[in-house]
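# Geometric and topological summary
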Amino acid sequence: MRNPKSRKLENSLFLFVVYAFLFLSIGILSFFFLFLAKESLSLFESVSLPSFLFSSKWNPMAFTGTASFGIFHFLMGSISVSFLALLFSTILSLGCSIFFAFYFWDKGRRILYPFLDLLSGIPSVVYGFIGLSVGKPLFLKMGVSTGSCVLLASILLSILIFPFMVDSITDSMVKLKAKYYLEARALGLSPAYIILRLILPSSLRSIFLAFLLGSGRALGETMAVMMVVGNANLFPKLLSKGETIASLIALEMGSAEYHSLHYHALYASGLVLLLLVALIHLLVKMGERPRTSYSTSQASHPNRGTSESPSVHSPGNREEATPRLLATGKRAQASRSFSAVLLFLYSLLSFLLIFSALLFFFLYIFYKGYKVISPSFLLEAPKGMVLGEEGGIFPAITGSLAFSLTALVLSGLPSLFTAIFMVFYAKEDRKKKSLHFFIHLLSGVPSIVLGLFSYSLFVYQLKLGRSVLSGAIALAIMIFPFMEIRMEKIFEEVPKSYLQSSESLGCSKGYTIRRLVLPYTLPELLSAMLLAFCFALGATPPILFTGGVAFAKSPTSLLSPAMALPLHLYLLLVQGGSSLSRAYGTALVMLFLLLIGNGIASLLTAYCHRKWQK
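Residues numbered from 1 in each chain as written. Predicted model: local features only at pLDDT ≥ 70, side-chain atom pairs only at ≥ 80, totals over all residues. Heavy atoms only, no water.

### Some points on the overall build of the protein chain
Along the backbone of the protein chain there are 22 helices and 4 strands. Sequence separation of at least 24 residues holds for 79% of the intrachain contacts in the protein chain that already meet a minimum separation of 6. As presented, the protein chain carries roughly 28,100 Å² of accessible surface, and 67% of it is formed by carbon and sulfur atoms. (Helix = DSSP H or I, 4+ residues; strand = E, 2+ residues; numbered from the N terminus. Contact = heavy atoms within 4.5 Å. Areas by Shrake-Rupley, 256 points an atom, 1.4 Å probe, with all protein chains shown as cover.)

The structure is reproduced here in structure tokens:
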């Protein structure tokens, strides 16, 4: 029997470690937001806020007269591209979710879900590559003068956010199906009527929340949009060029003199983008608040909630409204056959379009890139008069691994212990809700803003220069909320009976977490970390000016610069010509690495779920 004092000491040390990493995470988050605000607000000593927001003149390098900084066109570009992308994505995601939830068998859905995750894990620079090589020539044939336009950027961005929206909406519909479907079918209602009159109205709130969260993801996208939108300071029109705030920062960050007005204007642009994302997350939080129950509402307003006006949309009175809705549907369902056919075709076409896009991405890149793959391509450094037209990508592979592994080491333990605190120690109060809000807000921060932060602080102020460490810190901040949110979900899915049994045996909370929760969730935790590693592997903006370079040998220390696969791919695309075939090969290697990572993550998750079921 172990000494009770030593066990108590272990529990105290574990709790100390949890709180130490929690305060470290809070400190880093707070410092990031304060630093961003400080560097942004310096601009407004020289430029008025209305002029900055509503002027369309952006001329930071004026040789005569004064420099001007107006982001109105860039702001409208960000909003226009994001809104169109969300519109396209919502229409197809809703149809695909209906197909997944009602027309597809459960086992098939579980098989195809990892492929959706894979679609979300494809680096945005690869989407931009496809947009340049396939979308731009297509738009040129359609009569668009340069091929680059707002519409092409929106279509490409909509494909990027499909997986997230499909996952969110499908999850809501599956839960509602489990609650109402069998009862409704027992009353003789058709599947189409149930979907249209019961499930869809009840899912509107989830669809709206998915739309809002998707908009946060869309606003911050950099590389894919930057490569096809045209990057011109023009008011956005559907078939003309435009530019987004994220593209502006990525294109001008390297040319802005440190602590110049131009530098502060880029920070202020990033702050505007962050405030838009914060507003969206605030709306999401307001939408997630539980609404007044049916009984309370009826007591306060006796004339409401009567049989003449049942509300399906309120969780409190949904159960009371359901029988009336079902009875109404039974009388009306005879005329629903045409609607049933249209609904099925809409959902099937949406499903086929989304998965056809995934299949096309892989087959196209494989067809164009497999001829380049050889031992020399994988194991040699790039060569040639135009860098990269000969030789291989070995330094880019090792550099990407160095950036991603360092970022994983830096953010792994803070993410783990923050998730442990949030699930097992935090009380349900405003402090927990505030911390949740800031973690989710950080997940929506555009990655180019993280790159700007690391560029200013670590490359300039701390004199680290372009290095693996500078880039990895930006990547670590980016993947921290990605891992923490997933780890929270993993811990919340631990069966409550296990925790209650452990508590009834007199085990402390710390002992239960160390000896029961962590060992049994280890495969899923490793899966979350592996997905975060893949996320970092494909990210370009955070390392664009912090650690990534056009050419370097394999990194030998954290303070040396390095090549990276996504950055190398982008540079090959910019060079064009004879480098293009090697760009396809580089993209194929990236997709292959992500395929392996996602496959292992899916196997680990499936193994953990089977273990909990035993």
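### Here we look at the packing of helix H3 (residues 72–103) against helix H7 (residues 191–219)
Direction vectors running N to C along H3 and H7 enclose 140 degrees, while the axes themselves pass 9 Å from each other. Compared by their axis directions, H3 and H7 come out oblique. Considering how the two elements wind past one another, H3 and H7 form a crossing that is right-handed. Residues Ser78, Ile79, Ser82, Phe83, Leu86, Thr90, Leu94, Ile98, Phe102 and Tyr103 of H3 touch H7, and the partners they reach there are Ile195, Ile199, Leu200, Ile207, Phe211, Gly214, Ser215, Ala218 and Leu219. Split by residue class, the contact of H3 with H7 holds 14 nonpolar, 5 polar and no charged. (Axes fitted to C-alpha atoms, helices over the stretch in contact; angles between N-to-C directions. Parallel < 35°, antiparallel > 145°, perpendicular 65-115°, else oblique. Left-handed = near helix turned anticlockwise from the far one by under 90°. Nonpolar A, V, L, I, M, F, W, Y, C, P; charged D, E, K, R; others polar.)

### A word on helix H18 (residues 468–492)
Between its first and last C-alpha atoms H18 spans 35 Å; for 25 residues at 1.5 Å apiece the expected length is 36 Å, and the two agree. The largest bend along H18 reaches roughly 30 degrees and is located at Ile479, with the proline Pro481 sitting one to four residues downstream. Across the 25 residues that make up H18, a large majority, 20, are buried. (Expected span 1.5 Å × (residues − 1). Bend = angle between axes of the 7 residues up to and from the residue. Buried < 20%, exposed > 50% of the residue type's maximum accessible area, 1.4 Å probe, protein only.)

### Comments concerning the packing of aromatic side chains
As enumerated under the stated definition, the model contains 40 aromatic pairs in all. Plain terms: the ring middles of Tyr19 and Phe23 are 6.2 Å apart, the flat faces sit at 35 degrees to each other, and that makes the pair tilted. With Tyr19 and Phe23 both in helix H1 (residues 4–41) and 4 residues apart, this pair spans about one turn of that helix. Exposure remark for Tyr19: the relative accessible area of 31% places this residue in the partly exposed category. (Phe/Tyr/Trp six-rings, centres within 6.5 Å; stacked < 30°, edge-to-face > 60°.)

### Quick word on unusual backbone geometry
Look at Asn231: it is not a glycine, yet its phi comes out positive at around 55 degrees. With respect to the helices and strands, Asn231 occurs in the loop between helix H8 (223–228) and helix H9 (245–252). Judged by relative accessible area, which is 26%, Asn231 ranks as partly exposed. We note that His259 has phi near 65 degrees; this positive angle belongs to a residue other than glycine. With respect to the helices and strands, His259 occurs in the loop between H9 and helix H10 (261–288).

### Comments concerning the pattern of salt bridges
Evaluation of the coordinates by the stated rule reveals 3 salt bridges. Across the pair Lys38 and Glu39 runs a salt bridge whose closest N-O atoms are separated by 2.9 Å. A residue is classified by how much of its surface remains accessible, and Lys38, at 51% relative accessible area, is exposed. Its salt-bridge partner being Lys175, residue Asp171 comes within 3.5 Å of it at the nearest N-O pair. (Salt bridge = Lys/Arg side-chain N within 4 Å of Asp/Glu carboxyl O.)

### Describing the environment of Arg486
For Arg486, the position within the fold is in helix H18. Expressed as a C-alpha distance, the spacing of Arg486 and Ser415, which sit 71 residues apart in the sequence, is 9.5 Å.

### Description of the confidence of the model for the protein chain
Taken residue by residue, the protein chain gives an average pLDDT of 83. The fraction at 70 or more is 89%. Low pLDDT (under 50) marks residues 291–321, which in the prediction has 34 contacts with non-local residues, meaning those over four places away or in another chain. (pLDDT = per-residue confidence, 0-100.)

### Brief notes about the environment of Met422
Mapped onto the fold, Met422 is located in helix H15 (residues 394–425). For Met422, a relative accessible area of 1% puts it in the buried group. Distance from Met422 to Leu435, taken between C-alpha atoms, is 8.9 Å for residues 13 residues apart in sequence. Contacts of Met422, omitting those with residues within four sequence positions, involve Lys432, Leu435, His436, Glu484 and Glu488.

### Examining a nonpolar patch on the surface
On the surface, Val341, Phe344, Leu345, Leu349 and Leu352 cluster together to form a nonpolar patch covering roughly 430 Å² of accessible area. Here Leu349 is to be found in helix H13 (residues 337–369). (Patch = residues over 30% accessible without salt bridge, like charges linked within 9 Å, V, L, I, M, F, W, Y side chains within 5 Å.)

### As for the side chain of Thr222
Inspection of the secondary structure puts Thr222 in the loop between H7 and H8. Overall, the relative accessible area of 1% leaves Thr222 in the buried class. Excluding its chain neighbours within four sequence positions, the residues that come into contact with Thr222 are Ala246, Ser247, Ala250, Ser447, Ile448 and Pro541.

### Thoughts on the packing of helix H5 (residues 124–141) against helix H6 (residues 150–186)
Describing two packed helices takes the angle between their axes plus the distance from one axis to the other. Two numbers describe how H5 lies on H6: the axes approach to 10 Å, and their chain directions differ by 140 degrees. If you check the angle between H5 and H6, you find them oblique. The interaxial crossing formed by H5 with H6 has right-handed handedness. Residue-level inspection shows Ser124, Tyr127, Gly128, Gly131, Gly135, Lys136 and Phe139 of H5 in contact with H6, the latter providing Leu151, Leu152, Ile155, Leu156, Ile159 and Leu160.

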